[in-house]
Amino acid sequence: MASQRPSTFRLALWATNIGHPLKDIGEWADMIDARLAEVAGAGAQLLLMPEYAAEQWLSFAPPGLAASAEIPWLAEQSAAALEAIRGLPAKHGVALVAGTMPVPAETTDGNPPWLNRAWILLPDGQTIAQDKLCLTPAEKDPESWNLSTGRQLHLVTWNGIRIAVVICLDIELPSLAARLASARPAPVLVHVRTGRLAGYHRVFSCAKARAVELQAAIGVCGTIGAAAYGKQRAGTISGCSLFLPCEERLGSHGRAVEVPPVAQAEGFGPFVIADVPLGALDSLRGGDAEVWPGAWDAAHVELVGG
């Protein structure tokens, strides 16, 4: 594995259209295979998919599946799904951060027996799991998706690049960003699933704030539409963006590229190619940023009054 850090890193961010119907896991893998071929042709080194990209599997789920049964059914498909896509990064020479899928928890300790897990698949065959750390109310509801949380945030070093993968609500937590600051990851990759425009802006705005706090590139993408399922279903709305620190040398505004949020899409959904300026970020972190104080810890600050 190479250790020298390149000056740029090319990402592909895919706002997946989960309303595109599928026949089975094989067709899902074929869809990813086709998209990897596209982004490889554009020179991308990594493809990011959204949180709950696996929700698209509901298009071939058994009819009449209750909301509380969706996570168990999706989790039953997860091993076959992972196996179906495991060889694709080596085939295309592109790393794949394959969205998230429910998986059975290794241990439960009385907690719900499923996790919301992202898979990081590298062309050299490495497979790294990242679980969601903080759940939404629906993800904790026994009558709905009823998941458990993870306990670890993995840093993945590949070709000299240190990558962190953060799942939706987790990017909204400044305390987690503070834990990441000293590790200096770039890029930070964020999977998103938001059902409302307010949720989209909440997560994406927090991701932009993390770019400023960490002097890092933050790549974000979410699901679009509703799973083509045999019952009325709330949809999702999202897009994809690469956020950068708001520094003059990087364009001042903090947005390298953006696909605006939409509630419906054609085909597999839009994707965008973006270059992460690793060399510029290293320079900014090394002292060239306008006002960045570094990995600042507020533990010494005393709260007074109230």
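This text follows the structure it describes.
Residues numbered from 1 in each chain as written. Predicted model: local features only at pLDDT ≥ 70, side-chain atom pairs only at ≥ 80, totals over all residues. Heavy atoms only, no water.

1. Section: the overall build of the protein chain
What counts here: Here a helix means four or more residues in a row that DSSP labels H or I, a strand means two or more in a row labelled E, and each is numbered from the N terminus. The globule rule used here is 2.2 Å times the number of residues to the 0.38 power, and the radius of gyration it is set against is calculated over C-alpha atoms. Three exposure classes are used, based on accessible area relative to the maximum for each residue type with a 1.4 Å probe and protein chains only: buried under 20%, partly exposed in between, and exposed over 50%. In this analysis, two residues are considered to be in contact whenever any of their non-hydrogen atoms come within 4.5 Å of each other. As used throughout, the charge tally considers Lys and Arg to be positive and Asp and Glu to be negative, leaving His and the chain termini uncounted. The atoms used to mark charge sites are NZ of Lys, CZ of Arg, CG of Asp and CD of Glu.
Broken down by element type, the protein chain carries 6 helices and 12 strands. Expected size for 306 residues packed as a compact globule is a radius of gyration near 19 Å; at 19 Å, the protein chain falls within 12% of this value. Referenced to the eigenvectors of the C-alpha coordinate spread, the extents of the protein chain come out at roughly 60 × 55 × 35 Å. Per-residue burial for the protein chain yields a buried fraction of 53% across its 306 residues. The contacts in the protein chain between residues at least 6 apart in sequence include a share of 72% that link residues at least 24 apart. Computed over 23 positive and 30 negative side-chain charges, the inter-centroid distance for the protein chain is 2 Å.

2. Describing helix α2 (residues 67–85)
Operational definition: Multiplying 1.5 Å by the helix residue count minus one yields the expected span of that helix. At every residue, the bend is computed as the angle between two fitted axes, covering the seven residues ending there and the seven beginning there respectively.
Look at α2: 27 Å from first C-alpha to last across 19 residues, which is about the 27 Å you get at 1.5 Å a residue. Maximal helix bending in α2 amounts to about 40°, located at S78. Inspection of α2 places E70, I71, W73, L74, A75, Q77, S78, A81, L82 and I85 among the buried residues, and these make up the whole buried set. In this structure, the buried residues of α2 make contact with α1 (25–41), α3 (88–92), β3 (95–104), β4 (114–121) and β5 (127–131).

3. Description of the packing of aromatic side chains
Note the following rule: Put simply, two rings from Phe, Tyr or Trp (the six-membered ring, in Trp's case) pair if the centres are within 6.5 Å, and we call them stacked under 30 degrees between planes, edge-to-face over 60, tilted for the rest. Throughout this description, the term charge over a ring refers to an Arg CZ or Lys NZ atom that lies within 6 Å of the ring centre and within 35 degrees of the ring normal.
Taken as a whole and assessed by the stated rule, the structure comprises 6 aromatic pairs. In this arrangement the basic side chain of R35 is found over the ring face of W14, its NZ or CZ atom lying 5.1 Å from the centre.

4. Here we look at the pattern of salt bridges
For clarity, the cut-off: Within this document, salt bridges are pairs made up of a side-chain nitrogen of Lys or Arg and a carboxyl oxygen of Asp or Glu, the two lying within 4 Å of each other.
Within this structure, the stated rule accounts for 13 salt bridges. Notably, a salt bridge pairs K132 with E139, separated by 2.9 Å at the nearest N-O pair. Of the two residues, K132 and E139, neither departs from the other in class, the shared state being buried. Residue R255 pairs with E258 through a salt bridge whose shortest N-O separation is 3.3 Å.

5. Topic: the nonpolar core
The nonpolar side chains of a soluble globular protein tend to be buried with one another. Operational definition: By nonpolar core is meant a set of buried Ala, Val, Leu, Ile, Met, Phe, Trp, Tyr and Cys residues that side-chain atoms within 4.5 Å join together.
Counting 57 residues, the largest nonpolar core has L46 and I218 as its most contacted members. The residues touching L46, leaving out its near neighbours within four places in the chain, are F9, R10, L11, A12, V94, A95, V97, I163 and L189. In this structure, I25, A53, A54 and A227 belong to the second largest nonpolar core, which totals 36 residues.

6. Description of the environment of G225
As for its placement among the helices and strands, G225 is situated in the loop between β9 (218–222) and β10 (238–243). The class for G225 is buried, based on a relative accessible area of 7%. With 208 residues separating them along the chain, G225 and N17 place their C-alpha atoms 6.0 Å apart. Once you skip the residues sitting within four places of it in the chain, G225 turns out to touch I18, G235, T236 and A263.

7. Some details on unusual backbone geometry
With an omega of 5°, the peptide bond between A186 and P187 qualifies as cis. Residue placement: P187 occurs in the loop between α4 (174–181) and β8 (188–192). Unusually for a residue other than glycine, Y52 sits at a positive phi of about 55°. The topology assignment puts Y52 in the loop between β2 (46–48) and α2. In this structure Y52 comes out as buried when scored by relative accessible area, which is 2%. One non-glycine residue, N146, lies in the positive phi region at around 55°. The residue N146 is located in the loop between β5 and β6 (155–158) in this model.

8. Some words on helix α6 (residues 278–288)
As a reminder, the rule being used: Of all possible arcs, the one meant is that of the directions from the helix axis to the C-beta atoms.
Among the residues of α6, those classed as buried are L278, A280, L281, L284 and R285. Considered in projection along α6, the buried side chains sweep an arc of 165° and stay on one side of the axis. Structural note: α6 exposes G286 and G287 on the side pointing more than 90 degrees away from its buried face. Buried residues along α6 sit in contact with β1 (9–14), β7 (161–167), α5 (197–214) and β12 (271–276).

9. Some thoughts on the sheet that holds β2
Strand pairing within a sheet occurs via backbone hydrogen bonds; the two strands may be parallel or antiparallel. Note the cut-off: Here, strands pair whenever DSSP counts at least two bridges between them. A fitted line through C-alpha atoms serves as each axis, taken over the contacting stretch for helices, and the angle formed by two N-to-C directions is quoted from 0 to 180°.
The 6 strands are arranged β5-β4-β3-β2-β1-β12 in an open sheet whose pairing can be described as mixed. Edge positions in the sheet fall to β5 and β12, since each of these pairs with one other strand and no more. Averaged over all neighbouring strand pairs, the angle between strand axes comes to 30°, with direction disregarded.

10. Comments concerning the pairing of β5
The sheet contact formed by β4 and β5 spans 5 bridges and is antiparallel. Following the sheet pairing, R117 is matched in β5 by D131.

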